[in-house]
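# Residue-level structural notes
Given next are the chains, with one letter for each unit.
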Amino acid sequence: MKGFKNIISLTGILAVLVACNGDDKPRHQGNDPIIANSSRSYIASPNGGSQVSVGTKVKLELSLRNPATETDSVYFFVDQHLVYSTAGKNNAYSFELSTDSLSLGKKSMKTVLVSSKGEREEQVSHFYLISDIEPAQYTYQVINTYPHDPEAYTQGLIIDNGTMYEGTGLEGKSELRIVDRYTGKIQKQLKLDNQYFGEGITILGDKLYQLTYRSKKGFVYNKKTFEKTGEFNYDTEGWGLTTDGKSIIYSDGSNKLYFLNPESLEKTKTIEVYNNKGPQNLINELEYINGEIWANIYQTNTVVRIDPSNGKITGEISFTDILKAEDMHPRIDVLNGIAFDPSNGKIYVTGKNYPKLWEVKIVKTEI
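Residues numbered from 1 in each chain as written. Predicted model: local features only at pLDDT ≥ 70, side-chain atom pairs only at ≥ 80, totals over all residues. Heavy atoms only, no water.

## What to know about the pattern of salt bridges
All chains considered together, the criterion is met by 18 salt bridges. When the shortest N-O distance is used, the salt bridge between Glu175 and Arg177 registers 2.7 Å. Judged by its relative accessible area of 13%, Glu175 falls in the buried class. Put simply, Lys110, Arg120 and Glu122 are held in one network by salt bridges that share partners. (Salt bridge = Lys/Arg side-chain N within 4 Å of Asp/Glu carboxyl O. Buried < 20%, exposed > 50% of the residue type's maximum accessible area, 1.4 Å probe, protein only.)

## Regarding the environment of Asn255
Relative to the elements of secondary structure, Asn255 occurs in the loop between strand S19 (248-251) and strand S20 (256-260). A relative accessible area of 8% means that Asn255 is categorised as buried. Sequence separation of Asn255 and Gly311 is 56 residues, and the distance between their C-alpha atoms is 9.2 Å. Those residues in contact with Asn255 that lie beyond four places of it in its chain are Ile271, Glu272, Val273, Tyr274, Pro279, Gln280, Asn281 and Ile283. (Helix = DSSP H or I, 4+ residues; strand = E, 2+ residues; numbered from the N terminus. Contact = heavy atoms within 4.5 Å.)

## Some details on empty space enclosed by the protein
Which parts of space are left empty comes out when a probe the size of a water molecule is rolled across the atoms. Applying the stated criterion to the full structure yields 1 cavity of 30 Å³ or more. The computed volume of the largest cavity comes to approximately 50 Å³. Lining of the largest cavity is provided by Pro147, His148, Leu157, Met164, Glu166, Val179, Asp180, Arg181, Gly184 and Leu357. The class makeup of the residues in the lining of the largest cavity is 5 nonpolar, 2 polar and 3 charged. (1 Å grid on protein atoms, 1.4 Å probe; cavity = no way out; pocket = protein on both sides within 12 Å on 5 of 7 lines; lining within 4 Å. Points joined across faces, edges and corners; volume = space filled by probe spheres on them. Nonpolar A, V, L, I, M, F, W, Y, C, P; charged D, E, K, R; others polar.)

## Some points on the sheet that holds strand S17 (residues 228-233)
As summarised here, the arrangement of the 4 strands in space is S14-S15-S16-S17, forming an open sheet in which the pairing is antiparallel. Where the open sheet ends on each side, the last strands, each with one partner, are strand S14 (198-204) and S17. Within this sheet the neighbouring strands show an average axis-to-axis angle of 20 degrees, counted without direction. Bridge count for strand S15 (residues 207-212) against strand S16 (residues 217-222) is 4 bridges, and the pairing is antiparallel. Looking at S16, one finds that Lys207 is bridged to Asn222. (Pairing = 2+ DSSP bridges. Axes fitted to C-alpha atoms, helices over the stretch in contact; angles between N-to-C directions.)

Dropping the structure here:
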């Protein structure tokens, strides 16, 4: 190991750490034949961009192009952390990485090969950890049907202490509302400035939080009076919003969920959402129900159930055919809006410009 120690003095250590923190665009992925002939090594496993179920072991392997290459040592890093090192001359260097404690999502991989002369060569690749759970399948039964304003481009729907709140979207038409869930009548409303496209809403304590679509700005209101008491900024689009009672949680249309401190509204955590086939993108309106995050998937009739501790999708609910022929009109858009009443366990769903609000019972699909 002497050669590596010689080149990694304080300067060398900093160089390795900086390199591991740089652009993760791979210089080499798998057995890509385009790699320059001057490269001594290549990452043989895993292939760049491959998907691995969390909980399984993934083989990390660096191979030498020339078996005669005189090598002092090889180092493997995953997400900037040194996970394995070995010394001596081999045709290939490999080990099996346990993924039990790793989070879902993209994992950057970097190898550092040190020659007997102290020369260092790096290779970079990446792989993805996906869920090891096949989501349970559910359908629904309609328990009750109520009127819903067909002019409401529903972006957020919540029930707080028996009161239903709704946030609507579109520039020039975005509003906050208190709505009688049984009659559909608007009991209180606040129109947003025309420049804002309203998105998800949630309530924690006496505060009502609201996102906007592309303005990267959110608002905080007194939930009873709708008086604006604060604003906050975020660096993505704003889509869905909910709370687990401790954090404000929002989506941005990707497969990520962001957790915010409810007081400072600074980001505290990000999780990536995956099923057993890959990332779940287009996560839209959110609702926190009995320890899970339920999410509309944009432009579909599917609601997914997400474990907030790890991002795994535990279930998928199909709301196919909830709209009937008599419900259709020219402005009908997509399913969007989930509300949970914790006082009685009732669940309600609607959609953008839908004329109805449904109380539903979720039923597991028999295989």
